[in-house]
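# An overview of the molecular structure
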Amino acid sequence: MLMHTTRMAAAFLLTAGLSLPAIAQEGAPAEAETSVAADLPDGFDILDRHVEAIGGKDAAMKLEGVRMTGSLAVPAMGMTGSIVVSAAPPAKQILDISINGFGTMVQGINGDKAWASQPGGEPMMMPEAQAKPMIENAQFYDRYQPRKRYQSATTTGTETMDGEEVYVVELVSTGGTESVGFYSVETGLQRAEKSRAVPGAAAFDSEIVYLDYKEHDGLKFASVMKMVQQGFAQEITFESIEINPEFDTGTFDAPGDL
């Protein structure tokens, strides 16, 4: 869930109309040296190992919801704010971002609907091109079932990232979204992700680093994420992660007549 949450938060800040300057990718994933090793493990086996490293499929499939609360910063602008992510099966998610001096933005997914609201504006349905990958990524249990989530997972080599050896796995989701995952050889945990908004594009437009995994009720979550989205750096730190919280009735309903 955190992979999609960070990418969605970064994209939402940009589409909400914040004027962010180009920066030198502060907080970006470290440059890595790539090598191709013999007898590389199968990509799906690496994904399965990550699921085991965070607590295992059996425990994850018992989840009934997650709420994550934290802070968001854009260091180059001195901009700070708060973020609350609520998610529940089968495909429900609310992203609430408040930027100091700017206002509150909300983005929601409920089954086959995706919508967003910005400060001073009315809630609007997301265009189909944007909504489709959001809805795909919001499938709550798919992230713990790699063979259901991805149509292919190809291990292409290893890299050294911040002094740690990682496997490089090229991923294509069942909906056609392309990304590359980086997984620790030692721990199995995902360390980073790069993704393309346009399949087949030469360059990646999103990079995320996952840091400081912490255990909550038997499951591990990355509590710090540093990202670069289209050249803009952001950082999210989750101070609170609640497992199976009691959501208020209507939490995931689309607002108004949407």
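These numbers come from a predicted model, not from an experiment.

### What to know about the pattern of salt bridges
Scanning the entire structure with this criterion turns up seven salt bridges. Arginine 147 is paired through a salt bridge with aspartate 45; the nearest N and O atoms lie 3.5 Å apart. Note that arginine 147 is positioned in helix H5 (residues 146–149) and aspartate 45 in helix H2 (residues 43–53), a separation of 102 residues in sequence. Via salt bridges that share partners, Asp45, Asp48 and Arg147 belong to a single interconnected network.

### Description of unusual backbone geometry
Note that the residue after proline 89, namely proline 90, is joined by a cis bond; omega there is 0 degrees. Non-glycine residue aspartate 212 carries a positive phi angle of around 55 degrees. Tracing the backbone through its elements, the reader meets aspartate 212 in strand S12 (residues 206–216). The backbone of asparagine 244 shows a phi angle near 50 degrees, a positive value even though the residue is not glycine.

### A look at the confidence of the model for the chain
With 85% of its residues at a pLDDT of at least 70, the chain reaches an overall mean of 84. Note on residues 1–8: pLDDT under 50 across the span, and 41 contacts to partners over four residues away in sequence or across chains. Low confidence marks residues 10–35, where pLDDT is under 50. Its contacts with residues over four positions away, or in another chain, come to 61 contacts.

### A short note on the nonpolar core
The tendency in soluble globular proteins is for nonpolar side chains to be buried as a group. Membership of the largest hydrophobic core comes to 30 residues, with the highest contact counts inside it found for Leu63, Val66, Ile83, Phe238 and Ile241. Sorting the residues of this core by element identifies strand S2 (66–74), strand S3 (79–88), strand S4 (92–99), S12, strand S13 (219–229) and strand S14 (232–243) as the ones contributing at least two each. Broken down by element, this core gets its largest block of residues, five residues, from S13. Apart from residues no more than four positions distant in its own chain, isoleucine 241 is found in contact with Val66, Arg67, Met68, His216 and Phe221.

### Digging into the pairing of S14
Pairing of S2 with S14, which is carried by eight bridges, proceeds in the antiparallel orientation. If you follow arginine 67 over to S14, its bridge partner there is glutamate 242.

### Some details on the side chain of arginine 149
As for its placement among the helices and strands, arginine 149 is situated in helix H5. Put simply, arginine 149 is tucked away with no salt bridge, and the nearest opposite charge, on aspartate 142, sits 5.4 Å away. A distance of 2.8 Å separates the side chain of arginine 149 from the side chain of asparagine 137, its partner in a polar contact. Not counting chain neighbours up to four residues away, the residues in contact with arginine 149 comprise Glu136, Asn137, Gln139, Asp142, Arg143, Ser173 and Thr174.

### Description of the environment of alanine 153
For alanine 153, the position within the fold is in strand S8 (residues 150–161). Each C-alpha atom of the pair alanine 153 and aspartate 45 lies 9.1 Å from the other, and the pair is 108 residues apart in sequence.

### Some remarks on the pairing of S2
Here is the key point about a regular strand: its side chains alternate between the two faces of the sheet. Relative to S3, S2 runs antiparallel, the two being bridged by nine bridges. Paired with valine 74 across the bridge in S3 is methionine 79. Once S2 ends, the chain turns through four residues before running back antiparallel as S3, passing glycine 78 with a positive phi of about 65 degrees.

### Quick notes on the packing of aromatic side chains
Aromatic ring pairs are defined here through the distance separating the ring centres and the angle between the ring planes. Scanning the model with the defined rule gives two aromatic pairs in all. Ring geometry for phenylalanine 140 and tyrosine 141: centres 5.2 Å apart, planes at 90 degrees, overall edge-to-face. A relative accessible area of 1% means that phenylalanine 140 is categorised as buried. Aromatic pair phenylalanine 247 and phenylalanine 252: ring centres 5.0 Å apart, planes at 75 degrees, arrangement edge-to-face. When its relative accessible area of 21% is taken as the criterion, phenylalanine 247 is described as partly exposed. Its relative accessible area of 8% is what places phenylalanine 252 among the buried residues. In this structure, arginine 143 is placed above the aromatic ring of phenylalanine 140, and the distance from its NZ or CZ to the ring centre is 5.5 Å.

### Regarding the environment of valine 166
With respect to the helices and strands, valine 166 occurs in strand S9 (residues 164–173). Given the relative accessible area of 0%, valine 166 is considered buried. Here the alpha-carbon distance between valine 166 and phenylalanine 182, two residues 16 residues apart in the chain, equals 5.7 Å. Sequence-distant contacts of valine 166, defined by excluding residues within four places in its chain, comprise Gly157, Thr158, Glu159, Met161, Phe182, Tyr183, Ser184, Val185 and Arg191.

Parameters and conventions
- Residues numbered from 1 in each chain as written.
- Predicted model: local features only at pLDDT ≥ 70, side-chain atom pairs only at ≥ 80, totals over all residues.
- Heavy atoms only, no water.
- Salt bridge = Lys/Arg side-chain N within 4 Å of Asp/Glu carboxyl O.
- Helix = DSSP H or I, 4+ residues; strand = E, 2+ residues; numbered from the N terminus.
- pLDDT = per-residue confidence, 0-100.
- Contact = heavy atoms within 4.5 Å.
- Core = buried A, V, L, I, M, F, W, Y, C linked by side-chain atoms within 4.5 Å.
- Buried < 20%, exposed > 50% of the residue type's maximum accessible area, 1.4 Å probe, protein only.
- Pairing = 2+ DSSP bridges.
- Lys, Arg positive; Asp, Glu negative; His and termini not counted.
- Polar contact = N/O pair within 3.5 Å; in protein donor to acceptor, adjacent residues only side chain to side chain.
- Phe/Tyr/Trp six-rings, centres within 6.5 Å; stacked < 30°, edge-to-face > 60°.
- Lys NZ or Arg CZ within 6 Å of the ring centre and 35° of its normal.

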